[in-house]
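So the chains spell out like this:
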Amino acid sequence: MASTVKQEPSKGNNKENKDVDISSLFPVFRAWVLVAAAAFALALGTLSKWSTQQTTDYAVCSMSNAIYTVDAANPTVQCIVVRDTRIADVGQLADIKARWRQQTARPKFGFQLPWPLDFWQPSLKTSFVDPNSVVLPGLADAHAHILLYGSVKSNVDLSGCTSKQESLERLVNFVKSRTDILNDPSRWIRGMGWDQNLWSPSEYPYADDFDIDPFLRGRRIYLDRVDGHATWVSNRVLQLMGQLPESVDGGEIIRDGSGNPTGILVDNAMSLVPLPSLSKEEMSQYFRRTMRDALSVGLTSIHDAQTEPDTIEFYKEYAESQKLPLRLYLMVHVESDEYWESRFPRLVNYGVGERLNFRSIKLIADGALGSFGAALLEPYTDNPSTNGLMLIQPRALADLVNKFHADGWQVNIHCIGDRANHVVLDIFENIFLDDNITDSRPRIEHAQIMTLDDLERVGRLGVIPSVQPTHATSDMWYAEQRLGPERIKGAYAYRTMIETSQTSVLPLGSDFPVEGINPLLGFYAAVTRLSVSGQSPHGSQGWYPNERLTRAQALKGMTLDAAYASFSESTLGSLTVGKQADFVVLDRDIMTIPASEILEAKVLATIIDGEVAYGRL
């Protein structure tokens, strides 16, 4: 029932008294309340949504200004701001806070909130690294072998063995530790890392060496040399290979005095071994191991320098179903002199998170110095019977390079010896007489030994030399003996390459598992030219110290130069506003500490696309 209130007439009021129904005002009042509540809720909802969006924004700061951006405009800064997956701001903390307040004072919904809502203003989550720590752009390895590394770490790793006997003992221990292999002689045993140059005497081993031990006798054993350009196989494998050819173009079957194969196969002769293909389960296992180790040492990007055709499909399927743990740049390789471009689709920023790229091919011109396979213009000083091996003849190589270039592929060619480098530079110079070389960015992988004239030419042409500093410090104990005092002047000449380059681009890699996966090994080798124990044939100043890189040059080679070599310098390689938020935090400043302490640095956090992939901030 509606209630009414009798209103008494006021004194002096001659108007007619009326009854007022207050309940008639309730719907209007209720409507205004609902409108106000809705507006309030809308405002709070918009603020809440905006606030939620801002939770991905954070700053990382160093009170010692030890954030090295590899950006010439701001070489070192106090803070970087991450918004979503990208770098949103860089600079001093006070300046960033001022810019942040200005940006957040007026929310994105386009109007200033009235009091009392205008008190709300989001704060920027800020983390401070330890004063001794350093922040660097995400580190890249410009030349590595992803699944091969995982395979070696999951099977037999012979790296560092100083004698044949030590290698055999490590192999026996592996067999004993694996009951699946121990109880099944038909299982293949694979490994890598032996180096006869570390043995005394420094001679190739034999297949007969395996038959001395009962745990190895009769087994299928395939062990890659440390450089991957020679293999040591067992007698059982030689039996499976059947009748061997007298010679192999671009390869060698090492034979004894009676003409019998010894069990050592070099370069193209390695393809005679009937190795089973990797299963998807093995690929997945090896891939996971490599990704885990790579993130733990600060790598955010890897250029896979010899991606096999079946591996491309593995990466493609992985990228379609989930985000790759880090960025991959693939160089596909097919063992064929025939043109094979049509077999593979190009992939640019592909898959979940856009972390897969496949736009380059890998060709192999020659072998390696350690196995006498590097193609030289003159015979080896310590083995005058050979000039090394061209794995593909110059005319066929030129034909392939021309066809791949015409179809828009980046062409990356393995060249160790001065002859291989000379042949490839002739091909590139002929192709790029009229073309803009920066559109194609051809690379020479290793670029290890060059004549002085070709050192000047590689820079003048703008061809990218992709080098591995740890190769210099691994080879320095025998390289001059192998090449002689004059030829060595054009070998491992990294500083000269930068100084003669029209772009000053020198991407650095490791070639893991040939060398260690930790990029600081390459950084240390580049700036010191010393072994990890601080030694060199030329003393504590380093092997040919005039070819040392500065720390700034080495860091750029592991970040921005590697990005340039993979066409991604606009989005990767430096801590620059707008680029992807890939960075790494180390527990000490490798740019300033004594060189002897560089290898003691540990990774505290690896961040990719603004998300912590390893460690913690």
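In the block above lies the structure referred to throughout.
Just so we're clear, the structure is a prediction, and the values are computed from it rather than from any experiment.

Glancing now at the nonpolar core. Judged by nonpolar contacts, the single largest core of 111 residues is most densely connected at F287, I302, L328 and L369. The greatest single-element share of this core, amounting to seven residues, is contributed by helix 10 (residues 418-431). L328 has contacts with I146, F287, M291, I302, Y315, R355, L356 and N357, leaving out every residue within four places of it along the chain. Of all hydrophobic cores here, the second largest spans 24 residues; its members include L158, V172, I181 and I264.

Moving on to the packing of aromatic side chains. As enumerated under the stated definition, the model contains 18 aromatic pairs in all. Look at Y149 and F512: their rings are 5.2 Å apart centre to centre, the planes differ by 75 degrees, and that puts the pair in the edge-to-face class. Residue Y149 is located in helix 3 (residues 146-154), and its partner F512 is located in the loop between helix 15 (494-500) and helix 16 (519-528); the two are separated by 363 residues in the primary sequence. Across the pair, exposure class does not vary: Y149 and F512 are buried alike. An aromatic cluster of three or more residues is present, and its members are W194, W199, Y204, F210 and W232. Stacked on the ring of Y564, the Lys or Arg R441 has its end atom at 3.9 Å from the ring centre.

This part is about the layout of surface pockets. Taken as a whole, the second largest pocket holds about 550 Å³ of empty space. Along the walls of the second largest pocket sit 34 residues, with R327, N349, S568, T571 and L572 positioned nearest its centre. Of all the secondary-structure elements, those providing two or more residues to the lining of the second largest pocket are strand 8 (139-144), strand 15 (299-307), strand 16 (327-332), strand 17 (347-350), strand 18 (356-364) and helix 18 (560-564). Along the lines of polarity and charge, the residues of the lining of the second largest pocket split into 10 nonpolar, 16 polar and eight charged.

It is worth spelling out the pattern of salt bridges at this point. When the charged atoms of two side chains lie near each other, side chains of opposite charge can form a pair. Using the criterion set out here, one finds 30 salt bridges in the structure. Taking the shortest distance from any N to any O, the salt bridge between D89 and R99 comes out at 2.9 Å. With D89 in strand 5 (residues 86-91) and R99 in helix 2 (residues 93-104), this residue pair connects regions lying 10 residues apart in the sequence. A salt bridge links K556 to D561; the shortest N-O distance between them is 2.6 Å. Exposure remark for K556: the relative accessible area of 24% places this residue in the partly exposed category. In this structure D561 comes out as buried when scored by relative accessible area, which is 3%. Salt bridges linked by common partners bring D426, E429, D454, E456, R457 and R460 together as one network.

We now examine empty space enclosed by the protein. The final tally for this structure, using the stated rule, is four cavities of 30 Å³ or more. Space inside the largest cavity adds up to approximately 90 Å³. In this structure, the largest cavity is lined by 13 residues; those nearest its centre are L508, G509, S510, P519 and G522. Among the secondary structure elements, those contributing two or more residues to the lining of the largest cavity are strand 8, helix 13 (469-475) and helix 16. It is helix 16 that provides the largest number of residues to the lining of the largest cavity, a total of four residues.

Parameters at a glance
Residue indices follow the written sequence of each chain, beginning from 1 at its first position. Local features are withheld for residues below a pLDDT of 70 in this predicted model, meaning they are given only at 70 or higher, and side-chain atom pairs are given and counted only at 80 or more; totals for whole chains, interfaces and linings count all residues. In computing side-chain properties, one takes all heavy atoms of the structure into account and sets aside hydrogens as well as water. Nonpolar cores were defined as sets of buried Ala, Val, Leu, Ile, Met, Phe, Trp, Tyr and Cys residues, with membership established by side-chain atoms within 4.5 Å. Only protein chains enter the accessibility calculation, which uses a 1.4 Å probe; a residue whose area is less than 20% of its type maximum is buried, one above 50% is exposed, and one in between is partly exposed. Numbering of helices and strands runs from the N terminus, with a helix taken as a DSSP run of H or I at least four residues long and a strand as a DSSP run of E at least two residues long. Whether two residues are in contact is decided by their heavy atoms: any pair within 4.5 Å suffices. Stacked, tilted and edge-to-face are the three classes applied to pairs of Phe, Tyr and Trp rings, where Trp contributes its six-membered ring and a pair requires centres within 6.5 Å; stacked means planes under 30 degrees apart, edge-to-face means over 60, and tilted covers the rest. Whether a charge sits over a ring comes down to the Lys NZ or Arg CZ being within 6 Å of the ring centre and within 35 degrees of the ring normal. Only protein atoms enter the 1 Å grid, on which a cavity is a set of points fitting a 1.4 Å probe that cannot get out and a pocket is an open set with protein on both sides within 12 Å along at least 5 of 7 lines, lining residues being those with an atom within 4 Å of a point. Grid points are joined across faces, edges and corners, and a volume is the space filled by probe spheres set on the points. Residues are grouped as follows: Ala, Val, Leu, Ile, Met, Phe, Trp, Tyr, Cys and Pro are nonpolar; Asp, Glu, Lys and Arg are charged; every other residue, Gly included, is polar. In what follows, salt bridge is the name for a side-chain nitrogen of Lys or Arg lying within 4 Å of a carboxyl oxygen of Asp or Glu.

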